[in-house]
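Architecture at a glance
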Amino acid sequence: MLGRMIDHLAWADERVIEALAAAESVPTATLTLLAHLAAAEHIWYARLTGATPAHPVWPALSLSEAAALSRKTIEGFRTLVASMSPDHLRRDVSYANSAGTRFTTPAIDILIHVCLHGAYHRGQIATTVRQAGGVPVSTDYIQFVRDPATTPLPR
């Protein structure tokens with residue numbers, strides 16, 4: 001199921017990126033949210049793998065930079081999740097948040113958070129697109145499962 005959630009994350013992020021790339025203009029607030037989304041995914045991946053993040057939580061990224069970061073990070077998540085045993089999913093990950101506060105969280109909870117965090121910010125992106133007079137792309141999970149290009153769950 002976790003792999004399916006990461007597949008949805010990848011699909012939804014890519015739909016947003018493609019829609020923004022095709023737009024005549026991208027509102028600053030929209031780009032700020034997309035850059036944050038890509039950076040937050042990157043930061044959580046770094047925490048899970050013990051790496052040092054290369055970006056702050058609210059970076060100034062162009063659309064192409066945010067897209068590249070998102071794609072690279074999601075491939076990392078796919079590889080990581082595919083390799084994780086149940087014991088590895090339950091292992092505690094210690095890290096400091098952007099304010100410097102220390103936390104310890106099971107890997108599974110971090111991965112679920114990444115998927116839910118993305119949905120939250122894609123909703124905000126949709127709002128900024130609509131406020132600028134555009135039509136946001138749907139990234140709801142049900143749209144993902146209805147998309148003929150996505151792989152259905154085995155029966």
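Presented here is an overview of the structure given in this document.

Criteria and thresholds
Every residue gets a number counted from 1 within its own chain, in the order that chain's sequence is written. Owing to the predicted nature of the model, reporting of local features is limited to residues with pLDDT of at least 70; listing and counting of side-chain atom pairs is limited to 80 or more, with chain, interface and lining totals taken over all residues. Hydrogen atoms and water are omitted, and side-chain values are computed over all heavy atoms in the structure. Here a helix means four or more residues in a row that DSSP labels H or I, a strand means two or more in a row labelled E, and each is numbered from the N terminus. Throughout, radius of gyration means the C-alpha value; the globule benchmark is 2.2 Å times the number of residues raised to the power 0.38. Any residue under 20% of the maximum accessible area for its type is buried, any over 50% is exposed, and the rest in between are partly exposed; the area is computed with a 1.4 Å probe on protein chains only. For this analysis, residues touch if any pair of their heavy atoms sits within 4.5 Å. Residue-level accessible areas treat just the shown protein chains as cover; the underlying method is Shrake-Rupley with a 1.4 Å probe.

Scanning the chain from terminus to terminus reveals six helices and two strands. Ordered by position from N to C terminus, the α and β elements of the chain give α-α-α-α-β-β-α-α. For 155 residues, the compact-globule estimate of 2.2 N^0.38 gives 15 Å, and the chain sits close to it at 16 Å. On the principal axes, the C-alpha backbone points of the chain span a range of 45 × 45 × 20 Å. Counting over 155 residues, the chain shows a buried share of 41%. Partitioning the intrachain contacts of the chain with sequence separation of at least 6 by distance along the chain shows that 68% fall at a separation of at least 24. Only carbon and sulfur atoms are counted for the fraction: they give 57% of the accessible area of the chain, which is about 8500 Å².

Glancing now at the environment of leucine 111. Within the secondary structure layout, leucine 111 lies in helix α5 (residues 107-131). Owing to a relative accessible area of 0%, leucine 111 belongs among the buried residues under this scheme. For the pair leucine 111 and leucine 48, spaced 63 residues apart in sequence, the C-alpha separation works out to 8.8 Å. Among residues more than four places away in sequence, those in contact with leucine 111 are Leu2, Leu48, Phe77, Val81, Met84 and Leu89.

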